[in-house]
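Examination of the molecular architecture
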Amino acid sequence: MTTIESAADVAHRYDPVIGLETHVELGTASKMFCGCPTTFGAEPNTQVCPVCLGLPGSLPVANATAIESTIKIGLALHCDIASWCRFARKNYFYPDMPKDFQISQYDEPLCTDGHLDVVVDGRTFRVEIERVHLEEDTGKSLHVGGATGRIHGADHSLVDYNRAGIPLVEIVTRPVLGTGALAPEVGKAYVTELREVLRGLGVSDVRMEQGSLRCDVNLSLSPAGSGVLGTRSETKNVNSLRSVERAIRFEMGRQAELLDAGGRVVQETRHFHEDTGVTTPGRSKEEATDYRYFPEPDLVPLAPDAAWVERLRAGLPELPAARRARLAASLEASEFELGSMANAGVLELVAETVAAGAPAAEARNWWLGYLAQQANAAGVEPAELAITPAQVARVVALVADGTLSTGLARQAVDGVLETGSSVDEVVAARGLVRVSDVDALGAAVDAAIAAQPDVAEKVRGGKVAAAGALVGAVMKATRGQADAKVVRELVLSRLGAPG
Amino acid sequence: MSTELTTMTGAELGAAIAAGQTSAVEVTQAHLDRIAEVDGRVHAYLHVDTEGALAAARAVDSGDGPRGPLAGVPLALKDVIVTRGVPTTVGSRILEGWLPPYDATVTAKLKAAGIVILGKTNMDEFAMGSSTENSAYGPTRNPWDLDRVPGGSSGGSSAAVAAYTAPLSIGTDTGGSIRQPAAVTGLVGHKPTYGGVSRYGLVAFSSSLDQAGPFARTVLDTALLHEVMGGHDPRDSTSIDAPVPPVVAAARQGATGDLTGLRVGVVKEIAGGPGYEPGVEAATRDALARLEKLGATVHEVSCPSFTYALPAYYLIAPSECSSNLARFDAVRYGLRTGDDGVASLEEVMSLTRQAGFGAEVKRRIILGTYALSSGYYDAYYGSAQKVRTLIGRDFAAAFAHADVLVSPSTPTVAFRIGERADDPLAMYAADLCTLPASLAGIPAISVPSGLSEGLPVGLQVMAPALADDRCYRVAAALEADHGHPLTQEAPSL
C-alpha cells in the first residue's frame, strides 16, 4: 500500500492544475458512419458491416443525430458552434481500429470555448471548456495470456468490432487553476455535473461502468504562487466518479514527492488502478506517434445551419444547475441537501412528490431514507422502484391525517413495492388501519395482562417501564394496527399505575 | 455470327438482344470465346467470371430480368471495384484471394441494368501508374502493338475493349487513369465530374480524386454506360445529389456534326512543346482544324497554375493513399505474412506490408507519410491544396470565355513496355495533361484524334463541373467527322 501526502498538505507548497478529457458514447440507435446498431453487450462481431469493419471500398456517411447531439452538448456547455468545420483522420496502426485511422476532428472542432460551473464546499469553480468534438469509437481488444492484460506479453488477442464506429464525443477542458486542496473534489464535481448535463440532454446513458462515459485526468503541479505551469501526467480511463477524485489525489501526492526530492515529472500517459488507487506509467509521450492529421476526404464539411442551431438551443431542456436553483426554492433545501438528493438519484422524485402535495421535508425523508434503502437492497435505482411520487405523497397524506402510523405507512409502501397496486388498494387489502378505539383495544389489553401476570404485577408495583412488554404484546396481537400511545394509556390505567 | 458479335457496339448489341435477333448468352459466349482466343497475348483480364457472366446473360434472356439499352451487353470491370463473391485484387498481392462480401454501388447498378460482367481487368497496383506494368500479376499489352503498354492505371480495361474482348469497360481515373489509356488504345474514355459516380466499393487510392468512368469504342456507347453508372448515392457523402447530365442526348446531338457557336479554348500550358511528340502535336492541330470546320471557334487560353499540377498531385494523392492503404494490416483480410506464433503484431503488420505491396505503392506511401508528418504538413500537403484552389480558379476564369477546353490527352503515344519502368518521373509525365481536371474535379473525355506512326492519339475535352454532356457532344462531333471507331484501324491480333 503506497502512502501519499494529503491534497491539503500538497496544496501548501504547490498549486495543482487539473485538466479533464471526457469521452461520451452517444446513445444513437445506429453507429457514427454506418447503419449498424449500437446495443451494448451483443455477441462479439455481430453488429458490423463493410463500413465499420473498414473493408476496402467502403465509405463513411455521417450520422445526423450524432451531429445534433454534439451541438446540443456544446450549447448546454455554453460553447460557440462552428458554422463550418471538418472531420479529420487521425492515423495510427492498431488492430482494434479497422481502418488504421480514426475519423475524428482536429483543428476544426464542432464546438469551442464554453464553460461549466461546479460548486464544491459552497465555492463555485468555473471550468472552461476548450472544445467539444465528434469522433468514432474503436473496437475492443482482449489480450489473452500474459501477466498484464496488455498486448505486450499476451499469447494472442481477440478483437470485437461491435463498438467500432459508435459515435463518441470528446469534451476537453482548459487547465483548471485555483482549486488548491479542493482539486480532487473539483475534478469529481465536474464529471458529476457533466454527467447530469448529458443525462438531462438525453444524448447518452452516461454509464461509467459500461464505458459510455470515460475520463482521462491531466494533472500538473506548479510551485505555490509561481504561476509557472508544471509538466503534466495524463491518467487514462479513470472510470468512476470516485476514481476521478482518487486519481487526482494520488497524482498530487506522487508528483509532490518527486518534485520535493528535486526530480522532474515526465510527460507521460499513466494508468489508474481501481483496486489500489495507484497510477502507473504507460506510454511515454516522447515515443508518441505522429498522428498525421489531415481533413477526411471521404466526408463533406459540416456546416450547421444557424437557424437549426437556434432551434436546438430553444429546445434544450432546463439545465441541472438552473433546475437545482429552482428546486432549492420549492424544496426549501440547502445546496448540500440538493447535492445529497442529486447524488442519490432522487432529486426529481422528491420534486414530483412535493408537486403531488407532500411537504418537502416528508418527501425528502421518504426518498433519502426508507425508499433509498429499499432500492439499495433491491439493487436498483430509486427511480426504478415500483412506487410513484404520487403514491409516496398519498402515504404522507395518510400519515398526516392519522390513518396510518409510521410503521403502517412502511407496510403500505412495502405492499406497493411488492404488488404494484395503489396505496389505497394495499391499505384496504391488508387492513392497514390504525386502531385507536378504546373499546376495540380493551379486550386485547386484558388478554395481554392475563397472559403476563408477573409483568402486570411489576407495573402495579410502580415499575412503569415494564409496561413496554405488554404494549408490545398488544401491538403484535393487532398486527401493528393499534395506536401504541392509546394502548400504553390503557395498560397503565387498567393496572392503576401513573400515566 | 460470333466474330460479328464481338465487333458490334454496345448500343447495337443491346438493340439486337432486345429485338430477339440474338441472345445475351450468345453475345456473352462470343466474347468469352474471344477472351480465350486472344487474352493470353494481351493479358487484360485478371479473372474471367465465365459462370457468373453466363448466369447474368441467361437472366436477361429469360425475359424476367432487367431491361434497358445495354441489357445483355458484356462489360469488363477494373479490378479496383468490388464484386460480391468475385475476386477483387486491385492488382496487388496484398488482396490476393479476397472475396468481397458486398457489391460496389457501380457493380450493383451494372447488374440492375442487365449488363453482363465478363470479369475483372488488370491494373497498376492500387491504380498507381500509367502503364499497367505495376500490376503484381504482370503487365497488360497494347492490342495495337503487343510490345507497348495499354496505358494505365486502367490498362486492362482499355486493352480489353481495344482487343474486342468486351464492347464496354469501366476504369477509374485519379490523375488520368481513364483518359490516358483511352488515348493510347484508340478508345473513348470519360472521367466524370467528381461526385458524379459513386465511389462506394471503389477501393480507394486517393479519395478526393478517384472517380470511376466508362470506356468504349464509340462516344454513344461511352455515354450509355455513363448513364447507367452515374447518379447520386447516399452511401457516398461526396456524391452529388443531382441528375446525371444528359450525356446520351449530347452524344446523339454531337453526332450530327454541328458545333456552330461552340467556343473552344486551347490551354497554352498543356498544348504541346518539349516532351510532346510531334505526331501528337500534329494530331491535335488536325483535331482543332476539324472542330473549326464543324462550326466551333478556337482560341488560346492561359492557365498559369497548371505548371504546378504535377507536383501538387504527387503530394495530395500519395498523402491520401498513405492513409487509405493503412488498413491492409494483416488483421482482418488479405495477405498475412510472418505469423509464426512468435512474431509480434507490429512485425506481422510490417512483414505483410513489405511482402504485399509493390515498389511504386511503397514509394507513394512513404512520400505521403512524409508529406503529412508534423512539421511538414503546411509546406507539402497544405501548399498542394493551395495549388489545387488556384487551378480551380484558372479553370473558372478560362470557362468564362470557353464552353470547353482542349489539350492532347497525353504527350506521347503508347510507350514500350519497360521503357519507363525504372524512371518514375518519366512515368509521371504521362499524366501532365490530365492532372489539372482531376485536381479541379471537372469532367474530361479522351476521344481519338488520329494516328501517329500507326499508333492512336487522343484529344482531351474538358468542361465545367456537371457539364459532362459538353464533353460528349464535342467528342461525338469529332467521331462523326472521322467516320468509324479508330480501333477498326488497329492491326488484328
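Thresholds applied
Residues numbered from 1 in each chain as written. Chains lettered and ligands numbered in written order. Predicted model: local features only at pLDDT ≥ 70, side-chain atom pairs only at ≥ 80, totals over all residues. UniProt positions renumbered as here; feature names shortened; annotations may be inferred. Helix = DSSP H or I, 4+ residues; strand = E, 2+ residues; numbered from the N terminus. Rg over C-alpha atoms; globule rule 2.2 N^0.38 Å. Buried ≥ 20, exposed ≤ 12 C-beta atoms within 10 Å, placed from the backbone. Contact = placed C-beta atoms within 7 Å. Expected span 1.5 Å × (residues − 1). Arc of directions from axis to C-beta. Pairing = 2+ DSSP bridges. Right-handed = clockwise from strand over helix to strand, strands pointing away. Domains from an automatic or database assignment.

The name an unreviewed UniProt entry gives chain B is Glutamyl-tRNA(Gln) amidotransferase subunit A, with uncultured Mycobacteriales bacterium as the organism. The UniProt entry for chain B carries the following text under Function (unreviewed entry): "Allows the formation of correctly charged Gln-tRNA(Gln) through the transamidation of misacylated Glu-tRNA(Gln) in organisms which lack glutaminyl-tRNA synthetase. The reaction takes place in the presence of glutamine and ATP through an activated gamma-phospho-Glu-tRNA(Gln)." The record held by UniProt for chain B lists under Subunit (unreviewed entry) the comment "Heterotrimer of A, B and C subunits."

1. As for the overall build of chain B
Counting secondary structure elements, chain B contains 17 helices and 11 strands. Scaling as 2.2 N^0.38, a compact globule of 493 residues should have a C-alpha radius of gyration of about 23 Å, and chain B matches this with 21 Å. Along the first, second and third principal axes, the C-alpha atoms of chain B reach 70 × 55 × 45 Å. By the burial criterion, 62% of the 493 residues in chain B qualify as buried. Across chain B, the fraction of contacts at a sequence separation of at least 24, relative to all contacts at a separation of at least 6, is 77%.

2. Some points on the UniProt feature "active site" (unreviewed entry) in chain B
All names here are of chain B. Those places that UniProt annotates as "active site" (unreviewed entry) correspond, in this numbering, to Lys78, Ser153 and Ser177. Judged by maximum C-alpha separation, these annotated positions cover 100 residues in sequence but sit close together in space, the widest gap being only 11.1 Å. The class for Lys78 is buried, based on 32 C-beta atoms found within 10 Å. Mapping Ser153 onto the fold places it in the loop between strand S3 (116–121) and helix H6 (155–162).

3. Considerations on helix H4 (residues 50–61) of chain B
Think of an α-helix as 3.6 residues a turn; residues three or four steps apart then line up on the same face. All names here are of chain B. In this model H4 runs 16 Å from its N-terminal to its C-terminal C-alpha over 12 residues, within 8% of the 16 Å that 1.5 Å per residue would give. Inspection of H4 places Ala53, Ala56, Ala57, Val60 and Asp61 among the buried residues, and these make up the whole buried set. When H4 is viewed along its axis, its buried side chains cluster within an angular range of 140 degrees and face the same direction.

4. Observations concerning the interface of chain B and chain A
Across the boundary between the two partners, chain B contributes 32 residues, which contact 25 residues of chain A. Sorting the residues of the side of chain B that touches chain A by element identifies helix H11 (309–324), helix H12 (345–356) and helix H13 (359–372) of chain B as the ones contributing at least two each. Take the side of chain B that touches chain A: its biggest share by element is 3 residues, from H11(B).

5. What about the pairing of strand S8 (residues 297–301) of chain B?
All names here are of chain B. For strand S7 (residues 263–267) and S8, the ladder comprises 5 bridges, and the chain directions are parallel. Residue pairing for S8: Val267 is matched across the bridge by Val301. Note that the unit made of S7, helix H10 (residues 278–293) and S8 has a crossover that is right-handed.

6. Side note on the domain arrangement of chain A
All names here are of chain A. Parsing chain A into structural domains produces domain 1 (7–312), domain 2 (318–430) and domain 3 (438–494). Here domain 1 and domain 2 have C-alpha centroids that lie 36 Å from each other. Contacts between the two partners involve 8 residues from domain 1 and, on the opposite side, 5 residues from domain 2. Contributions of two or more residues to the side of domain 1 that touches domain 2 are made by strand S5 (111–120) and helix H3 (183–201).

7. What to know about the UniProt feature "domain: Amidase" (unreviewed entry) in chain B
The feature "domain: Amidase" (unreviewed entry), as given by UniProt, occupies residues 26–471 of chain B in the numbering adopted here. Within the segment residues 26–471 of chain B, helix and strand shares are 37% and 14% respectively, and the terminal C-alpha atoms sit 34 Å apart.

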